[in-house]
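Coordinate analysis (summary)
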Amino acid sequence: MLIIVAEKASVARAIKEIIEKRGVKAVVLGLRGHVLDSDLEEKFRDWWKVDPAKILELREFKTVIRDSKMYRELVRYFSNNYVEELVIATDNDPEGELIGWEVYTIFRRYNGFARITRMRFNAITQEDIWKAWQEREEGLNMNWVWKSAFRRDFDLATGAAFTRLLTLSTRKRGYRGLISWGSCQIPTLNYIVEREEEIMNFKPKPYWIISVKLETPFGEVFEARSEKIMDYGKAREIFEEVKNVKEAYVVDYRETVEVVRRPKPLRTDELLRDLNKILGISTSKILRIAEELYSRGYISYPRTDTNQWSTSFNFHETALIALNGLKLSLKISIDRPKPLNGSKNDGAHPPIYPTKPYIKDDSVEWSVWEYVARRFLANVYGNDAEIIKQRALIRIGRLDLKTSGSIFKKTGFFEIFPYFKPELKSIPILSSKQVLRVLDVRLLEEKTKPPDRLTESELLKLMERDHIGTDATRADYPDIIVERGYAKRVKKKVKPTKLGMFLIKCLREVSPRLVSPETRRMVEEYMEKISAGSLSYEKALDTCLQIYHKLYSELASRIDVVADSLIKSIEEGGD
DNA sequence: GCAAGGTC
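The rules behind these values
- Residues numbered from 1 in each chain as written.
- Chains lettered and ligands numbered in written order.
- Predicted model: local features only at pLDDT ≥ 70, side-chain atom pairs only at ≥ 80, totals over all residues.
- Heavy atoms only, no water.
- Helix = DSSP H or I, 4+ residues; strand = E, 2+ residues; numbered from the N terminus.
- Buried < 20%, exposed > 50% of the residue type's maximum accessible area, 1.4 Å probe, protein only.
- Contact = heavy atoms within 4.5 Å.
- Areas by Shrake-Rupley, 256 points an atom, 1.4 Å probe, with all protein chains shown as cover.
- Lys, Arg positive; Asp, Glu negative; His and termini not counted.
- Charge placed at Lys NZ, Arg CZ, Asp CG, Glu CD.
- Axes fitted to C-alpha atoms, helices over the stretch in contact; angles between N-to-C directions.
- Parallel < 35°, antiparallel > 145°, perpendicular 65-115°, else oblique.
- Nonpolar A, V, L, I, M, F, W, Y, C, P; charged D, E, K, R; others polar.
- Left-handed = near helix turned anticlockwise from the far one by under 90°.
- Near = heavy atom within 4 Å.
- Pairing = 2+ DSSP bridges.
- Polar contact = N/O pair within 3.5 Å; in protein donor to acceptor, adjacent residues only side chain to side chain.
- Core = buried A, V, L, I, M, F, W, Y, C linked by side-chain atoms within 4.5 Å.
- Arc of directions from axis to C-beta.

**Focus: the overall build of chain A**
Looking only at helices and strands, one finds 17 helices and 16 strands in chain A. Principal axes of the C-alpha set define a box for chain A whose edges measure 100 × 70 × 45 Å. Within chain A, the proportion of its 575 residues that are buried is 51%. Within chain A, residue pairs in contact and separated by at least 24 positions form 77% of the contacts whose partners lie at least 6 positions apart. When the accessible surface of chain A is totalled, it reaches about 28,300 Å², and 49% of it is carbon and sulfur. Put simply, chain A has 98 plus and 86 minus side-chain charges, and the middle of one group is 2 Å from the middle of the other.

**Looking at the packing of helix H6 (residues 185-200) against helix H14 (residues 498-510)**
Following both chains from N to C, one finds H6 and H14 inclined at 105°, their axes separated by 9 Å at the closest point. Considered as vectors, H6 and H14 are oriented roughly perpendicular to each other. Here Ile186, Leu189, Asn190, Val193, Glu194, Glu196, Glu197 and Met200 of H6 lie close against H14, whose contacting residues are Gly500, Met501, Leu503, Ile504, Leu507 and Arg508. When its residues are assigned to classes, the contact of H6 with H14 shows eight nonpolar, two polar and four charged.

**Looking at the environment of Leu460**
Looking at the secondary structure, you find Leu460 in helix H12 (residues 456-465). Sequence spacing of Leu460 and Ile3 is 457 residues, and the spatial spacing of their C-alpha atoms is 39 Å. Once you skip the residues sitting within four places of it in the chain, Leu460 turns out to touch Asp269, Leu272, Arg273, Thr283, Arg474 and Pro478.

**As for the packing of helix H5 (residues 142-171) against helix H17 (residues 559-573)**
A packed helix pair is summarised by two numbers, namely the angle formed by the two axes and the spacing between the axes. Packing of H5 against H17 brings their axes to within 9 Å, and their N-to-C directions diverge by 65°. When the axes of H5 and H17 are compared, the pair comes out roughly perpendicular. In this structure, H5 crosses over H17, and the sense of that crossing is right-handed. Taking contact as the criterion, the partners of Leu165, Leu166, Ser169 and Thr170 in H5 are, on H17, Ile559, Ala563, Leu566 and Ile567.

**Quick look at the protein's contact with DNA strand B**
For DNA strand B, the set of nearby residues contains 43 residues, the closest of which are Trp47, Arg164, Cys184, Tyr301 and Arg484. Of what DNA strand B places within 4 Å of the protein, 60% of the atoms are sugar or phosphate. Elements that contribute at least two residues to the surface near DNA strand B include exactly strand S3 (36-39), H5 and helix H9 (283-295). Tallying contributions element by element places H5 first for the surface near DNA strand B, with nine residues. Of the residues belonging to the surface near DNA strand B, the class tally is 13 nonpolar, twelve polar and 18 charged.

**Overview of the sheet that holds strand S16 (residues 493-496)**
Taken together, three strands build an open sheet; the order of strands is S14-S16-S15 and the sheet is antiparallel. Looking at strand neighbours, the two that pair on one side only are strand S14 (454-455) and strand S15 (487-490), the edges of this open sheet.

**Structural notes on the pairing of S16**
Here S16 shows a clear split, with Val494 and Pro496 buried on one side and none of Lys493 and Lys495 buried on the other. Here two bridges tie S14 to S16, and the two strands are oriented antiparallel to one another. In the sheet register, Thr455 faces S16, and the bridge partner there is Lys493. Bridge count between S15 and S16: four bridges; the pairing is antiparallel.

**Considering the sheet that holds strand S5 (residues 85-89)**
The five strands lie next to each other as S2-S1-S5-S6-S7, forming an open sheet whose pairing is mixed. Looking at strand neighbours, the two that pair on one side only are strand S2 (27-30) and strand S7 (137-138), the edges of this open sheet. Along the sheet, helix H2 (residues 68-78) makes contact with strand S1 (2-6), S2 and S5, crossing S2 at roughly 165°.

**Comments concerning the side chain of Thr158**
One can find Thr158 in helix H5. In terms of polar contacts, Thr158 uses its side chain to reach the backbone carbonyl oxygen of Asp155, at 3.5 Å. Non-local contacts of Thr158, meaning those with residues more than four positions away in its chain, are made with Leu56, Trp181, Leu545 and Tyr548.

**Quick look at the nonpolar core**
Ranked by size, the top nonpolar core spans 109 residues in total, and within it Phe150, Leu271, Trp369 and Phe376 carry the most contacts. With eleven residues, the top contributor of residues to this core is helix H11 (residues 364-381). With near-sequence residues (within four places) excluded, Phe376 lies in contact with Trp309, Phe313, Phe315, Thr318, Ala319, Tyr353, Pro354 and Tyr381.

**Points about H12**
For H12, the set of buried residues is Glu456, Ser457, Leu459, Leu460, Met463 and Glu464. What you see down the axis of H12 is that its buried residues fit within an arc of 160°, all on one side. Exposed residues lying more than 90 degrees from the buried face of H12 are Lys461 and Arg465. Of the residues one or two after H12, His467 is the one with positive phi, at around 60°.

**Focus: unusual backbone geometry**
Despite not being glycine, His467 shows a phi value in the positive range, around 60°. Along the polypeptide, His467 turns up in the loop between H12 and helix H13 (476-483). The partly exposed category is assigned to His467, whose relative accessible area is 42%. Not every positive phi belongs to a glycine, and Lys492 is a case in point at roughly 65°. Within the element layout of this structure, Lys492 appears in the loop between S15 and S16. Of the residues examined, Lys492 reaches a relative accessible area of 61% and is grouped as exposed.

These values are about where atoms sit, not about what they do.
So this is what it looks like as structure tokens:
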């Protein structure tokens with residue numbers, strides 16, 4: 001008997017079909033992600049009975065069963081005496097390697113001798129899967145296993161220790177909620193708090209602009225403006241000088257063509273960001289809908305960080321599916337795919353594309369499917385758009401005025417993917433030295449404005465930039481910080497609560513690295529070293545936990561002041 | 001009652 005284990009049911013099905021077609025008989029099992037996990041020992045169970053600092057002194061963690069139903073199923077198969085070989089076919093990434101190791105260790109308890117091999121495929125295609133089957137490797141890449149285990153255990157130890165310290169200190173003062181700290185949730189909150197502080201500290205500055213209404217010899221009317229003038233006296237002086245001038249002339253007029261590239265193949269992050277902008281619903285909800293569409297067969301796997309197509313991708317078939325669901329016909333031939341590829345490849349999943357036509361209805365599901373289908377067509381069959389940018393420099397008296405406009409030269413892919421099609425406004429076509437009639441001169445007072453609060457879309461972009469979370473987890477964090485009472489959603493934007501603001505403030509005073517992306521950066525740096533084989537899991541964990549043990553001690557030494565301040569912010573916020 | 005990472 002031969003057993004193949006994949007990370008999820010859909011991959012298990014694909015493997016079974018592909019190898020059976022070529023005469024290989026095997027039991028193919030699909031997991032649901034991790035089967036095992038790390039946890040703290042029993043004696044840490046009661047939060048009040050053990051100093052959280054002790055968690056940061058641990059160097060070993062207990063292995064617990066995470067998915068007991070799956071665990072039992074694995075045991076049932078592995079106990080069979082006739083298993084000759086176990087094939088690990090989890091995703092070809094470090095987290096997949098760790099999931100594979102979980103299966104490996106379970107298997108070895110029941111079968112000490114059978115061969116254990118690893119299939120590595122980077123796409124769920126006939127070629128890749130069959131090649132991975134024929135060229136399966138002996139055993140696992142242990143550097144990848146330890147790399148992921150380090151991340152898991154570091155996050156557990158630091159998260160548990162800091163969360164317990166903060167929670168217990170506020171519980172002593174009557175708070176009943178949870179004050180959590182985590183390497184991803186806190187930096188996410190920090191972006192929101194930093195923005196709020198920027199808004200609060202913003203001092204609007206007045207400035208003045210001279211606005212002139214002009215007319216060309218052909219009777220076209222448009223407006224041109226001076227630069228910002230920060231001093232009122234000076235603005236007034238210039239205004240007096242030009243307010244009665246009747247003619248202006250064009251110093252320079254030029255047109256340039258700007259190319260707007262068609263969209264790249266769809267990754268999770270862009271799906272979430274774009275649909276948050278388009279539909280205004282939360283990123284976690286969008287991911288849930290995408291997951292639902294995937295499990296019902298309408299779209300491919302929705303958690304991917306790949307934006308390039310494999311050479312064997314069937315564009316023709318996918319195009320028919322997209323066109324069918326959208327009830328569209330393309331003018332150009334779908335036999336000539338010309339996708340614009342990006343540079344990202346997670347080594348485990350293709351970009352997101354439609355796999356079955358969705359019958360249009362009023363649901364959000366349709367809106368998500370429609371976006372995926374249009375994005376595919378725009379990427380593979382769309383043309384880059386071209387915009388003519390117009391820029392003019394005009395002089396009235398001694399004052400320079402500027403104006404600009406734009407107009408589509410080619411609308412290109414926006415025809416099929418209209419979501420972010422810009423509203424363009426053109427100005428008349430001018431020529432140098434042309435004389436213009438002045439219709440009106442005005443002195444306008446305006447004020448500099450503070451930045452807006454962040455949308456979830458902008459928040460995800462910052463997280464991606466700083467490597468906070470992964471494609472599969474980033475959407476969770478806005479929900480987590482709202483659930484903890486650190487932030488609220490107000491008019492499609494995220495606003496920190498008083499508690500959120502004070503928590504960041506207190507942590508930042510201990511050390512900026514407790515709130516910045518620095519924790520994540522450090523974890524990645526050490527993960528890379530483990531992955532390269534230049535550092536052991538033990539050494540990496542020891543070094544990093546020592547650093548966070550020091551930071552913990554500093555926070556613990558002033559926890560009474562911190563807790564008082566947090567309690568006060570909770571009462572003041574009334575949230 | 002902890003984290004973040006998988007998946008459903």
